[in-house]
Each structure stands twice: as C-alpha cells, then as structure tokens.
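Spelled out from the first residue to the last, the chains are:
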Amino acid sequence: MPDSKSYQQLLLQNKAWVEQKNNEDKDFFKRLSLTQTPEFLWIGCADSRVPANEITGTAPGEVFVHRNIANMVVHTDMSMLSVLDYAVNVLEVKHVVVCGHYGCGGVLAAMGNKQIGLIDNWIRHIKDVYRMHVDELDLITDIKAKQDRFIELNVIEQVYDLGKTSIIQNAWQKRGGPVVHGWVYDIRNGLIKDLKVSMDNDEDMPDVYRFEKTTFTPVTK
Ligand SMILES: [Zn+2]
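Residues numbered from 1 in each chain as written. Predicted model: local features only at pLDDT ≥ 70, side-chain atom pairs only at ≥ 80, totals over all residues. Heavy atoms only, no water.

Q: Quick one: what's the story with the coordination of the zinc ion, residue by residue and with numbers?
A: Within the first shell, the zinc ion binds the protein through Cys45 (SG), His101 (NE2) and Cys104 (SG), at distances of 2.1 to 2.3 Å. In primary-sequence terms, the residues that donate to the zinc ion follow C-x55-H-x2-C. The burial state of His101 is the same as that of Cys104; both residues are buried. (Donors = N, O, S within 2.8 Å, 3.2 Å for Na, K, Ca; no water. Buried < 20%, exposed > 50% of the residue type's maximum accessible area, 1.4 Å probe, protein only.)

Q: Account for the layout of surface pockets, naming residues and giving values.
A: Estimates place the volume of the largest pocket at around 300 Å³. Taken together, 16 residues line the largest pocket, and the ones lying closest to its centre are Val73, Val74, His75, Asp161 and Lys164. Contributions of two or more residues to the lining of the largest pocket are made by α6 (119-132) and α8 (143-163). Looking at the lining of the largest pocket residue by residue, the class counts come to seven nonpolar, five polar and four charged. (1 Å grid on protein atoms, 1.4 Å probe; cavity = no way out; pocket = protein on both sides within 12 Å on 5 of 7 lines; lining within 4 Å. Points joined across faces, edges and corners; volume = space filled by probe spheres on them. Helix = DSSP H or I, 4+ residues; strand = E, 2+ residues; numbered from the N terminus. Nonpolar A, V, L, I, M, F, W, Y, C, P; charged D, E, K, R; others polar.)

Q: Quick one: what's the story with the pairing of strand β1 (residues 40-45), residue by residue and with numbers?
A: Of all six residues making up β1, five are buried, and the element is well covered by its neighbours. Sheet topology places β1 next to strand β2 (residues 63-68); six bridges connect them, and they run parallel. Across the sheet, residue Ile43 finds its bridge partner in β2, namely His66. Taken together, the five bridges between β1 and strand β3 (residues 95-101) define a ladder with parallel strand orientation. Considered in β3, the bridge of Leu41 is made with Val96. (Pairing = 2+ DSSP bridges.)

Q: Kindly report on the pattern of salt bridges, identifying the contributing residues and their values.
A: Across all of its chains, the model carries 16 salt bridges by this definition. A salt bridge links Asp148 to Arg188; the shortest N-O distance between them is 3.2 Å. With Asp148 in helix α8 and Arg188 in the loop between β4 (179-185) and β5 (192-194), this pair connects stretches of sequence that are 40 residues apart. In this structure Asp148 comes out as buried when scored by relative accessible area, which is 17%. When its relative accessible area of 48% is taken as the criterion, Arg188 is described as partly exposed. In this structure, the salt-bridge partner of Asp202 is Arg210, at a minimum N-O distance of 3.9 Å. What makes Asp202 buried here is its relative accessible area of 10%. Residue class for Arg210 comes out partly exposed when judged on its relative accessible area of 34%. Through salt bridges with shared partners, a single network forms among Glu136, Arg149, Glu152 and Lys193. (Salt bridge = Lys/Arg side-chain N within 4 Å of Asp/Glu carboxyl O.)

Q: Tell me about the nonpolar core, and name the residues and values.
A: Of all hydrophobic cores here, the largest spans 44 residues; its most connected members are Leu41, Leu84, Val96, Ile126, Phe150, Leu162 and Ile168. Those elements that provide at least two residues to this core are β1, α4 (78-90), β3, α5 (105-111), α6, α8, α9 (166-175) and β4. In terms of residues, this core owes the most to one element, α8, which gives seven residues. With near-sequence residues (within four places) excluded, Leu84 lies in contact with Leu41, Leu162, Thr165, Ile167 and Ile168. Listed in part, the seven residues of the second largest apolar core include Val50, Ala52, Val63 and Tyr185. (Core = buried A, V, L, I, M, F, W, Y, C linked by side-chain atoms within 4.5 Å. Contact = heavy atoms within 4.5 Å.)

This is the structure:
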C-alpha cells in the first residue's frame, strides 16, 4: 500500500498521545466522555496550517469547530447552520469566532479568474465580497497588502453574515449572546489579529436584515 508508513504513523502517534494524557490526568478521557461544555464556536478555514485548538492553546472539549474552505458563513449551507444552531442553542456557547488567515488559498483564488473545478462555485461567495468592497480594494496597488485586506474583509463579511441569521438574532434577543468575533491568523508568524468587529446585537445591521422580535416561551426542564 503506498504511503502505509505515514498512515500507520498517525495511529502510533495517537497511542503515544493517549499515554501522555493519561499520565498527566488519569480522568481526562473519562471526564470528556461524559459531556462537552465548550464556550467557543470556531468557524475557520480547512487549511491544514490553521488548527483551531493548537493555535489557541485549547484542549479537547473547549472549542466546537466548523471548518470549510475560506471560513465561509453561507446561509444555505446546512452543515454550517446545523453546527451553528447546535452550538448556539444547545451548547449555548458564549463566543462565536470567525477566523480567517493570511495567505488563504480560497480567498486568493477568488481574486483571480482561473477555473479550478467544482470549488469555483464555492469561491463565488468570496467573489461577492470582492464586489462589495471593490472601491477600497482596487485602490490598493501593493498586491500583498491587497490580498491581506481582502482576507480581512472576507472575515468581516462572514461576521455580518452570522448576525444576519435567525439563529444568532434570536439568541441575541433571548440571552444577549453569543458575541460574534472576527479574527485573522497570520501563518507567517503564528499570531492572531482581532479585527475588532465583535457584535452582540443587531443595532448596526442594515434594516432589511433585522428580523422582527419573536416571543419566546420559556422552556421548562
Ligand atoms: Zn484558507
């Protein structure tokens, strides 16, 4: 079998990791098997260089994670919506982080005109972000600076797109949270930049996206 060695290596590393965890804390797996109470939902890029737990120094059980190409919040994406609904309404996470990263291949592809394949249809959503911000982006002559800014603007639009969902708007009304944040990870130095676009209400939302407030019946447990 080609590459069987590298594949086996993952299983060996898993055994070593289990041993290490058990040595550090004998109840680690027992505790995690009972429940999960993460405070954070992470919506990040599928890029192998941006592992949510590792770059934030968090352990299993601390971050609920959804990843796709270019950390997109596409409001017809059932997978993203299901993760969001479960995280917000069942796990009741306090924060939702959209984390992009500089050098994101998906975002950079959206700046060009080359056909790649099926993924072109996913990337279309990122092209829409370019069109929304074409005036600002076309003024930037330095290509690196332009790419970096486009990556930031894409994250910011995904934060707004979260705020446009009924899931987030209803949670804001019901419990005043979660806070939605926009971050960019720099693969060149490992640091995360907070874009400071955090939202916990719909006040800055264009009127057309704001749903009427709903009357909630308290759930009795
Ligand atoms: Zn990416």
